[in-house]
Amino acid sequence: MAAASCMIQEPLSLFPNPPPPWKYDVFLSFSGVDTGKKFTSHLLAALERNGFQVFRDDRELQKGGEVGWGVNKAIEESRISLPVLSKSYAMSGWCLDELQKIMECKKKSQHIVLPIFYETKPSDVRNQAGNVAEALANHHTVSSSRMEKWKVALTEVANLSSFVLPNLDDGDEASFIEHIVEGVERKLNSTIWNLQLVSHPVGVLPRLQKLLKLLSLESSDGICIVAIWGIGGLGKTTIAKAAYNCIYRQFEGSSFVPEIRETSKRPNGLNLLQKYILSDILRNENCDIRSCDEGIEFIKRRVLRGRKLLLVLDDVDQIQQLKALAIDPKFLHRGSRIIITTRDISSLNSLRSMCEVYMPEQLNKHESLQLFSWHAFKEDHPLENYMEISNEVVKYAGGIPLALEVLGSFLLGKTKSEWRSAMAKLKKIPHNDVIGKLKISFDSLNEEEKDLFLDIACFFVGIDRNFTVQVLQGCNLFPEIGIRCLSDRCLIKYELGYEFGYESRYMHLIVMHDMLRDMGREIVRQESVKEPGKRSRLWDQEDALQMLIDNEGSEAIEGLILFSSETKDFKVNAKAFPKMNRLRVLHLNHVHLSAGYEHLSRRLVWLRWHGFNLKFVPSQLYMENLIALDLSYSMIKQVWKGTKILGKLKFLYLSHCYYLTKTPDLSGLSNLEELLLDNCIRLLEVDNSIRYLHKLLVLNLKSCKMLRKLPSGSWMLNAKILNLSGCSKLETFTQLQGARSNLESMSSSLSSCSLRTKKLDSLSLNSLQGLSCLKLLRMENCNLSHIPTEIGRLMQLECLDLVGNSFCSLPESMSSLTNLVHLNLSYCASLQSLPKLSPSLQIVEVQNCSSLESISLDSDWQHTDMFFYNCPKLAIKHSADELGRSLLLCMGSGALCISLSGDKFLNWLQYQTTGSRISFVVPPLVNQNLAGWLFCAVYTIGEYCWRIWCEIHNKTKGIRLDYGRNYSVKLFGEDHFGDPIHTAIGYFSFCRKNGEMEIEGGDEVEVFFLFDNVLVKKWGIHLI
């Protein structure tokens, strides 16, 4: 990992123990007497064959160098050491000195040691017995202190997990080497993406340092548990994430488990939490956990035993959650660390006697003002004439980060008179009432926006934005403009979903901070504190159940959630519902209703009834106003009898209905957009009436194992997403060809299904001519020898993945793909040239293309990043110097960055530095303006995801320009992380503001570069 990985927009030197950049994957320590030309040479070849960068002292050191210093430095720059403890190992003082250094690095850094016992026993090494004792006895001239250090190192290494081959009779040497290589690969592949922090982490660093001090990382023997305790919005999760990002590499396994409180409330929630940890620690292992107790035992045996772990448990509020995750010091391995965030310290009673409690301080005045300013003024300090009133707002915010963010966003762009009006309201709210301080943003909403906020707070947090909009439109609200208003005030945010892979870019989940959600729910509770039946929305299980049991419902209730426990179903009398005639949203989970479904509200727009216990929906249930019907995990065999005319229904979810054998008559669902049937394992056929669903956008049939065929004819004419993965008995897909012209996304599983009878090496892309609305096309490893010109007709294409094919060139029509943003051509070994490409491209991946010789840069690039890693012929034909000078001549109006393998810094750049900033005065420009600059940076990458942020400050004109990019490009082949080195060369053009160039001759300019997961060794710019 690069040293900048812990950067939180603060000086790097303030971070404790930043991990060093790794130059080698593996350091081999061995005795050349008995293994050098046999076992070790075979092991070295196997490691290098699998792409690992290996240091072996007799091959890597230059003649005449300082051997001892070079070896020590190589150990420090290696991720893993493999000491081969053979019979002759202890006979070499050189080897024993290496071992001592290796064990020293293990204690001081994140160095991993995997000892190999080759024809020797760990017990002999541990106790210095047998051949080891004889070998040590021969070191007559060694001082006693040096001998003692050797013995300590031998004992310590023998206590580690190891690879053991006592003698060749016990096993095959080739298999033994293969086992070692697999172990090394597992260790190196355990790298985890850094967790994303807030955009302005003001004040995080000092609180992070206090947390790290409590974790006592210098002690490797003990077990430490730290609870971060405080109110919602204080930044507990942010501090925990920052700590995780800084230290997780010091452990043999790590897991950050988010939103424990909310997840545990879901069906089988505790099992989901267990699987989260198991997935993080036991990478790529499928763990079939059938009960919570089984999961506890599995975690004890497979996760906690013998591993030095880092676990971060976010938002714990019940002791049962810790028990389900086996969080008990007696189960933890020495050196492990646990971080827990919680609002309720009583939930940690079982650990209080053995854990440290950290209560983060509220932000001080300076920190609060800085954070508030970022949101109110988009810079780190207030405007000059707003300083006094800004201090007033900061005082009332009370140092709560989320309150500062919300209030700052609320006041952004408002006049001073509007600020003072807002402050007048603030003074009426108690200073220690955090919810009251946030409520000012709620009070600024109109009545419809307030209703919208309360609906989201109670029912729609974590729900897809499109789904939310459609349902709330059915409630006669105006969600499109209302949601925008809530977003502008930072009352809600969006994040991408991950259910459909790449297609998740079409899913934006609505997220709301816990403190804001609780504020909304408290507002509803205050409608009738003592009588829940008179509130507009019920989400609390106890309140909802008691109201139904006591038959205290009223027409005030518009939404109700009632989930049973995992082991017990609720039985409710339907006669409790007649008074709730304004009920719009009803969520029931494993709730059994007595006869009388006609009593349910006729205004229902969203009915979610998981665990519905009848074989079909009774005819008495009024569904004509439903927008969404979710009967997942139900017992139904037939959804309904005959034809139902449900003209408003847009979402029908029947996932995991294990007894469903056929879909119902769908002809009356003329507006249906999403039909989910995934994991209906007994589903045999899809009713022909699906052909009448002309507005269907999503059809999910994933894991419908018994499904054999789909209706014939042209249907799904507007479909965006079709998922047929796991439909192993599906015989044919040809009937859907009429729909293919509109499919936005085909998953890889769908492609293999639809092409099952074809040979991929003979596949032609000519059949794609009609796919005019296709947005994602993946054709990996299809042995395509030719890309037809017709590919240029895919005008809506956004992502094109052609990894591992055998074509030599791309057609000129590629430049016609004006919506293409991501192009991946990695491992196209025969690719020789790249034509002019579309300027819409944001990412171009060209890795390990051994034949690539030429590329065209003739395009008006907007914001494009190209990655040419391990393309040797390109590097030979086009030197970095030549590339840089050509960019001087062809600079467009946007930005272009080209990354190459190796250190190819352009030494002729005007301004150069190894730090984070460059300051200069722009030279006088005669009869011309400054168009931009060429830049060059030599860097190493610490993770698959990294971030580069540039801030250009024109001090003369008082203008700031920010330019930032987030990258998630997977680098293939050799180890690209920590080392080897890469070079980025590109240009950045300036735009005009109010008709004036941002930077002109005589301007004083300061340029900052900030990096996450990137270590920049040197960078510079050249004015154009």
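Higher on the page you've got the structure.
This text gives an overview of the structure that appears in the document. (Residues numbered from 1 in each chain as written. Predicted model: local features only at pLDDT ≥ 70, side-chain atom pairs only at ≥ 80, totals over all residues. Heavy atoms only, no water.)

## Looking at helix 1 (residues 39-49)
Turning to step 1, where the next piece is worked out: Buried within helix 1 we find F39, T40, L43, L44, A46 and L47. Down the axis of helix 1, the buried side of the element spans an arc of 165°, and every buried residue falls inside it. (Buried < 20%, exposed > 50% of the residue type's maximum accessible area, 1.4 Å probe, protein only. Helix = DSSP H or I, 4+ residues; strand = E, 2+ residues; numbered from the N terminus. Arc of directions from axis to C-beta.)

## Quick word on empty space enclosed by the protein
Turning to step 1, where the next piece is worked out: Here the structure, examined in full by the defined rule, presents three cavities of 30 Å³ or more.
Turning to step 2, where the next piece is worked out: Of the voids in this model, the second largest cavity is the one considered here, and its volume is about 60 Å³.
Turning to step 3, where the next piece is worked out: Contributing to the lining of the second largest cavity are L85, S86, K87, Y89, A90, T120, V125, N131, V132 and L154. (1 Å grid on protein atoms, 1.4 Å probe; cavity = no way out; pocket = protein on both sides within 12 Å on 5 of 7 lines; lining within 4 Å. Points joined across faces, edges and corners; volume = space filled by probe spheres on them.)

## Let's talk about the environment of K648
Turning to step 1, where the next piece is worked out: One can find K648 in the loop between strand 20 (628-630) and strand 21 (651-653).
Turning to step 2, where the next piece is worked out: Separated by 23 residues in sequence, K648 and N625 place their C-alpha atoms 6.1 Å apart.
Turning to step 3, where the next piece is worked out: Ignoring anything within four residues of it in the chain, the contact list for K648 reads E624, N625, L626 and I627.
Turning to step 4, where the next piece is worked out: Of the polar contacts made by the side chain of K648, one reaches the side chain of N625; its length is 2.8 Å. (Contact = heavy atoms within 4.5 Å. Polar contact = N/O pair within 3.5 Å; in protein donor to acceptor, adjacent residues only side chain to side chain.)

## A few points about the pattern of salt bridges
Turning to step 1, where the next piece is worked out: Counted under the stated rule, the structure contains 26 salt bridges.
Turning to step 2, where the next piece is worked out: Of the charged contacts, one joins E297 and K300 as a salt bridge, the two residues approaching to 3.3 Å between their closest N and O atoms. You can see E297 and its partner K300 sitting in helix 13 (residues 292-304), three residues apart, about one turn around the helix.
Turning to step 3, where the next piece is worked out: Here K450 ties to E447 by a salt bridge, and the two come within 3.8 Å at their closest N and O atoms. Taken together, the positions of K450 and E447, both in helix 20 (residues 447-460) and three residues apart, correspond to about one turn of that helix.
Turning to step 4, where the next piece is worked out: Overall, the relative accessible area of 17% leaves K450 in the buried class.
Turning to step 5, where the next piece is worked out: The network of salt bridges with common partners includes D451, D455, R537, E558, R582 and R584. (Salt bridge = Lys/Arg side-chain N within 4 Å of Asp/Glu carboxyl O.)

## Looking at the sheet that holds strand 9 (residues 309-313)
Turning to step 1, where the next piece is worked out: One open sheet holds the five strands; their spatial order is 8-9-10-7-11, and the pairing between them is parallel. Of all strands in the sheet, those bounded by a partner on one side alone are strand 8 (253-257) and strand 11 (356-358). Averaged over all neighbouring strand pairs, the angle between strand axes comes to 10°, with direction disregarded.
Turning to step 2, where the next piece is worked out: Both strand 8 and strand 9 contribute to a ladder of five bridges, which runs parallel. When the sheet's bridge partners are listed, S255 is paired in strand 9 with L311.
Turning to step 3, where the next piece is worked out: The strands that helix 9 (residues 204-215) touches are strand 7 (224-229), strand 10 (337-342) and strand 11; relative to strand 7, the one it contacts most, it runs at about 150°.
Turning to step 4, where the next piece is worked out: Packing against the sheet, helix 12 (residues 269-281) makes contact with strand 8 and strand 9, and its axis sits at approximately 145° to strand 8. (Pairing = 2+ DSSP bridges. Axes fitted to C-alpha atoms, helices over the stretch in contact; angles between N-to-C directions.)

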